[in-house]
Amino acid sequence: MSTPIKVAVVYYSSTGTIAEVAREMAQYAEKAGAEVRLLKAAELAPQAAIDSNPAWAANALATAGLPEATADDIEWADAVIFGSPTRFGNIASQLKQFIDTLGGLWAQGKLANKVYSGFTSSATVHGGQESTLLALYTSFHHFGGIVVAPGYTHASKFADGNPYGTSHVDAQGNNPVDDTTREAARVQAERVVHIATALKAGLSA
């Protein structure tokens with residue numbers, strides 16, 4: 001029996017939307033046969049800011065036991081799926097800070113030839129979802145990574161409409177993660193596992 005593909009799902013979430021989508025990604029990747037690590041980026045905001053928002057405080061408490069991502073997790077993984085809310089059309093500073101710690105691995109060539117993908121959320125429709133994912137993917141090109149976006153490879157993608165990655169409009173917490181987003185996460189996670197498995201088999205041949 002072949003060794004399972006190793007997938008790290010690394011995310012930052014303030015009020016919990018991205019955390020929920022990350023759990024969906026991890027669950028579907030595992031169901032597709034991968035060994036999965038679900039990890040969060042370290043929080044940079046002061047406690048006072050977190051406490052000022054009940055949803056932010058609740059999510060921080062709910063995920064307190066989840067391990068924080070390290071460079072070792074990225075080195076371990078065959079594929080990495082990053083998740084971040086949109087911040088002015090870009091990824092959150094917490095996830096960017098984590099990515100910036102990977103310079104040592106990059107210098108050793110240890111970020112290359114892995115599969116990478118991403119997911120996001122925003123408060124509004126057209127609130128920067130595509131630009132956030134494209135900005136995230138820029139880093140993967142610098143890594144020498146293989147960007148695996150869902151594209152329009154499955155009929156469900158015409159429902160959620162984002163070929164760059166799973167995205168959700170949360171309307172400031174008023175729109176919970178729905179079946180359309182969950183299905184998008186399933187399609188993306190399965191595609192990442194499938195492509196990473198094929199790539200690893202090809203590199204080992």
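Use the structure listed above.
Residues numbered from 1 in each chain as written. Predicted model: local features only at pLDDT ≥ 70, side-chain atom pairs only at ≥ 80, totals over all residues. Heavy atoms only, no water.

K.L.:
Give me the pattern of salt bridges: which residues, what numbers.
P.N.:
Scanning the entire structure with this criterion turns up 9 salt bridges. The salt bridge involving Arg 182 is made with Glu 20; its shortest N-O contact spans 2.7 Å. Pair noted here: Arg 182 is in helix H9 (residues 179-204) and Glu 20 is in helix H1 (residues 17-31), with a separation of 162 residues, a long-range link. With relative accessibility at 22%, the residue Arg 182 sits in the partly exposed group. Here Lys 157 and Asp 160 are joined by a salt bridge, their closest N and O atoms 3.0 Å apart. Here the residue Lys 157 and the residue Asp 160 both occupy positions in helix H8 (residues 157-160), the gap between them amounting to 3 residues, near one helical turn. (Salt bridge = Lys/Arg side-chain N within 4 Å of Asp/Glu carboxyl O. Helix = DSSP H or I, 4+ residues; strand = E, 2+ residues; numbered from the N terminus. Buried < 20%, exposed > 50% of the residue type's maximum accessible area, 1.4 Å probe, protein only.)

K.L.:
Kindly report on the pairing of strand E1 (residues 6-11), identifying the contributing residues and their values.
P.N.:
Taken across its 6 residues, E1 has 5 buried, putting it largely inside the fold. Of the crossover connections in this fold, the one passing from E1 over H1 to the parallel strand E2 (residues 35-40) is right-handed. Bridge count for E1 against strand E3 (residues 79-87) is 5 bridges, and the pairing is parallel. Bridging from a neighbouring strand, Val 10 pairs with Phe 82 of E3. (Right-handed = clockwise from strand over helix to strand, strands pointing away. Pairing = 2+ DSSP bridges.)

K.L.:
I'd like a description of unusual backbone geometry, backed by residues and values.
P.N.:
If you check the backbone angles, Asn 113 has positive phi at about 65° while not being a glycine. Looking at the element boundaries, Asn 113 is found in the loop between helix H6 (103-107) and strand E5 (115-122).

K.L.:
Break down helix H5 (residues 93-100) for me, with residues and values.
P.N.:
Residues three or four positions apart in an α-helix share a direction because the helix packs 3.6 residues into each turn. Among all positions in H5, only Gln 94, Leu 95, Phe 98 and Ile 99 are buried. Down the axis, H5 shows its buried residues gathered within 135° of arc, on one side only. Where H5 is buried, its residues meet E1, helix H4 (71-76), E3, strand E4 (90-91) and helix H7 (129-143). (Arc of directions from axis to C-beta. Contact = heavy atoms within 4.5 Å.)

K.L.:
Go over the packing of aromatic side chains, please, and point to the residues and values.
P.N.:
Aromatic rings in a pair are described by how distant their centres are and how their planes are angled relative to each other. A complete count under the given rule lists 6 aromatic pairs for this structure. Taken together, a centroid distance of 6.1 Å and an interplanar angle of 40° make the contact between Phe 140 and Phe 143 tilted. With a gap of 3 residues between them, Phe 140 and Phe 143 both fall in helix H7, about one helical turn apart. Here the two residues Phe 140 and Phe 143 agree in accessibility, since each one is buried. Within the aromatic cluster, the residues linked to one another by ring pairs are Phe 82, Tyr 116, Tyr 137, Phe 140 and Phe 143. (Phe/Tyr/Trp six-rings, centres within 6.5 Å; stacked < 30°, edge-to-face > 60°.)

K.L.:
Tell me about the pairing of E3, residues and numbers included.
P.N.:
Among the 9 residues of E3, 8 are classified as buried, and the element is accordingly described as predominantly covered. Examined bridge by bridge, E3 and E5 share 7 bridges and lie parallel to one another. If you follow Phe 82 over to E5, its bridge partner there is Gly 118. In this structure, E3 lies alongside E4, joined through 2 bridges in antiparallel fashion. In the sheet register, Arg 87 faces E4, and the bridge partner there is Asn 90. The hairpin turn running from E3 into E4, its antiparallel successor, is 2 residues long, and Phe 88 in that turn takes a positive phi close to 55°.

K.L.:
Pulling in residues and values, what's your account of the nonpolar core?
P.N.:
In this structure, Val 10, Ile 74, Val 80, Phe 82, Leu 95, Phe 98 and Leu 136 are the most contacted members of the largest nonpolar core, which totals 27 residues. Counting residues per element, the ones that place at least two in this core are E1, H4, E3, H5 and H7. The residues touching Phe 98, leaving out its near neighbours within four places in the chain, are Val 10, Ala 41, Ala 69, Thr 70, Ala 71, Ile 74 and Phe 82. Membership of the second largest hydrophobic core comes to 24 residues, among which are Ala 22, Ala 29, Val 177 and Val 192. (Core = buried A, V, L, I, M, F, W, Y, C linked by side-chain atoms within 4.5 Å.)

K.L.:
Go over the side chain of Lys 40, please, and point to the residues and values.
P.N.:
Examined against the element boundaries, Lys 40 turns out to sit in strand E2. There is no salt bridge for the buried Lys 40, and the closest opposite charge comes from Glu 68, which lies 5.2 Å off by N-O distance. Polar side-chain contacts of Lys 40 include one of 2.6 Å to the backbone oxygen of Thr 63. Ignoring sequence-local partners within four residues, the contact set of Lys 40 consists of Tyr 11, Thr 63, Ala 64, Leu 66, Pro 67, Glu 68 and Ala 69. (Lys, Arg positive; Asp, Glu negative; His and termini not counted. Polar contact = N/O pair within 3.5 Å; in protein donor to acceptor, adjacent residues only side chain to side chain.)

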